[in-house]
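A look at the structure
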Amino acid sequence: MLGRLKITNMNGRNENGTYDDLYAFGGRGFSIRKLETMELVYDSGDQFEKLQQQYIPLLFNNNAGNGTKTVNQTFDTRSDDKGPESESLAVAHIGNAVLLFIGNERPGSIFIYKITGDASKPEFQSIWNGVQETDNKWEELYERRMLSGIDPEDIRYIPAEHSPNKQHILTAAGTVSGTFSMFTIKGINEHNSGAAPTDKAAILNIGFSSVIMAVLSSYILLRCRNL
C-alpha cells in the first residue's frame, strides 16, 4: 500500500512493539517557522502537487530523466516515492516584497512565492519548468538540448546591483539535464508599499544539503530534503 515511500522505524512504535503511526522522511514542500521559538507559522502541505496537477499536468510527479521513456510515460511515477522532491531554496528581497524560489528535483520545476508583510501567508506566483516537449523520450530531448534545470540541486539569487545586466537574476544548476541556467526575474514592483521583512537573506547548506535554511528577519524557512 505504501509503495516505495520510505519510513523510519525510530518513531511511532507502541509498547507492544507495533506501530501506531508511520513517519516518512522530509517533505514535499516548504515550511516557515519563527526564528526565536521555531513555532510553525506556515506549511505548504500538498500544495506543490496540486499546483503541478493544475498547471503542468503532464509533468505531475514525473520521473524526469528516465531516458528510455517519453515524458508522458513517466507521468505520476513518483507519487509513491518522494513526489516532486523539493530540494533547493533561494530568497530574493526586491522592493518591499520577499520572493521564495523552491526547486524540485522531479520534474525539474521551480515554484515562486511572494511574501508582503505577513510571513504566514506566502502567495503563490508561478511555476517554471525546463521541459519543452512531452511526446519524445527524455534521452532524445537531452541530445537535442531541449531540457534545462532538470534536478535543480542548487538555485541562487543575484540582486540587480551585482548582476552583469543590472537585472534581478536567478541561477539554476540542473544535474540531470547537465545545464546551468540564468533567468531574469520580472513582474515585481520594486516600489511596493506593503511591509515585509527587511533583513538580508542568508542561505546555508548543512550536512550535504540535507537541510536548507534561509533567514528572513525573525522567520526561518525550512526545506527538508527526502533522505
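The chain goes by Gigasin-3a in an unreviewed UniProt entry, where it is assigned to Mytilus edulis.

Turning our attention to the overall build of the chain. In terms of helices and strands, the chain carries 2 helices and 14 strands. Evaluated residue by residue, the chain yields a buried proportion of 43% over its 227 residues. By sequence separation, contacts in the chain at least 24 residues apart represent 49% of the contacts at least 6 residues apart. Carbon and sulfur atoms make up 49% of the accessible area of the chain, which amounts to about 11800 Å² in all.

Among the nonpolar cores identified, the biggest contains 25 residues, and Phe30, Leu100, Ile102, Tyr113, Val131 and Trp138 are the most heavily contacted of them. Only helix 1 (47-55), strand 5 (86-94), strand 6 (97-104), strand 7 (109-115) and helix 2 (138-143) provide two or more residues apiece to this core. Beyond its immediate chain neighbours, meaning those up to four positions away, Val131 contacts Leu59, Val71, Pro107, Trp138, Leu147 and Ile150. Judged by nonpolar contacts, the second largest core, of 12 residues, contains Ala92, Ile94, Leu99 and Ile110.

All right, on to the sheet that holds strand 10 (residues 169-174) then. Hydrogen bonds between backbone atoms are what pair the strands of a sheet, whose relative direction is either parallel or antiparallel. Taken in spatial order, the 3 strands line up as 9-10-11 in an open sheet, and their pairing is antiparallel. On the outer flanks of this sheet lie strand 9 (152-158) and strand 11 (179-184), each paired with one strand and no other. Direction aside, the axes of adjacent strands within the sheet are offset by 15° on average. Sheet topology note: the strand 9/strand 10 ladder contains 6 bridges and is antiparallel. Paired with Ile155 across the bridge in strand 10 is Ala172.

Turning to the packing of aromatic side chains, a few remarks are in order. In the structure shown here, the tally under the stated rule is 10 aromatic pairs. With 4.1 Å between their ring centres and 10° between their planes, Phe48 and Phe111 make a pair best called stacked. Residue Phe48 is found in helix 1, and its partner Phe111 is found in strand 7; the two are separated by 63 residues along the sequence. No difference in accessibility class separates Phe48 from Phe111, as the two residues are buried. Members of the aromatic cluster, joined through ring pairs, are Phe30, Tyr42, Phe48, Tyr55, Phe111, Tyr113 and Phe124. When the ring centre of Tyr142 is taken as origin, the NZ or CZ atom of Arg145, which lies over that ring, is 4.9 Å away.

Moving on, we come to the environment of Ala92. Within the element layout of this structure, Ala92 appears in strand 5. By relative accessible area, Ala92 is classed as buried at 0%. Discounting chain neighbours no more than four positions away, the residues touching Ala92 are Ala97, Val98, Leu99, Phe101 and Tyr157.

Right, let's get into the sheet that holds strand 8 (residues 123-129). Strand order in the open sheet formed by 4 strands is 5-6-7-8, with antiparallel pairing between adjacent strands. Of all strands in the sheet, those with a lone pairing partner are strand 5 and strand 8, marking the two edges. Ignoring strand direction, the axes of neighbouring strands in this sheet form an average angle of 20°. The pairing of strand 5 with strand 6 spans 8 bridges and is classified as antiparallel. Looking across to strand 6, one finds that Ile94 is bridged to Ala97. Those strands touched by helix 1 are strand 5, strand 6, strand 7 and strand 8, and its axis lies near 115° from that of strand 7.

Cut-offs and rules
- Residues numbered from 1 in each chain as written.
- Predicted model: local features only at pLDDT ≥ 70, side-chain atom pairs only at ≥ 80, totals over all residues.
- Heavy atoms only, no water.
- Helix = DSSP H or I, 4+ residues; strand = E, 2+ residues; numbered from the N terminus.
- Buried < 20%, exposed > 50% of the residue type's maximum accessible area, 1.4 Å probe, protein only.
- Contact = heavy atoms within 4.5 Å.
- Areas by Shrake-Rupley, 256 points an atom, 1.4 Å probe, with all protein chains shown as cover.
- Core = buried A, V, L, I, M, F, W, Y, C linked by side-chain atoms within 4.5 Å.
- Pairing = 2+ DSSP bridges.
- Axes fitted to C-alpha atoms, helices over the stretch in contact; angles between N-to-C directions.
- Phe/Tyr/Trp six-rings, centres within 6.5 Å; stacked < 30°, edge-to-face > 60°.
- Lys NZ or Arg CZ within 6 Å of the ring centre and 35° of its normal.

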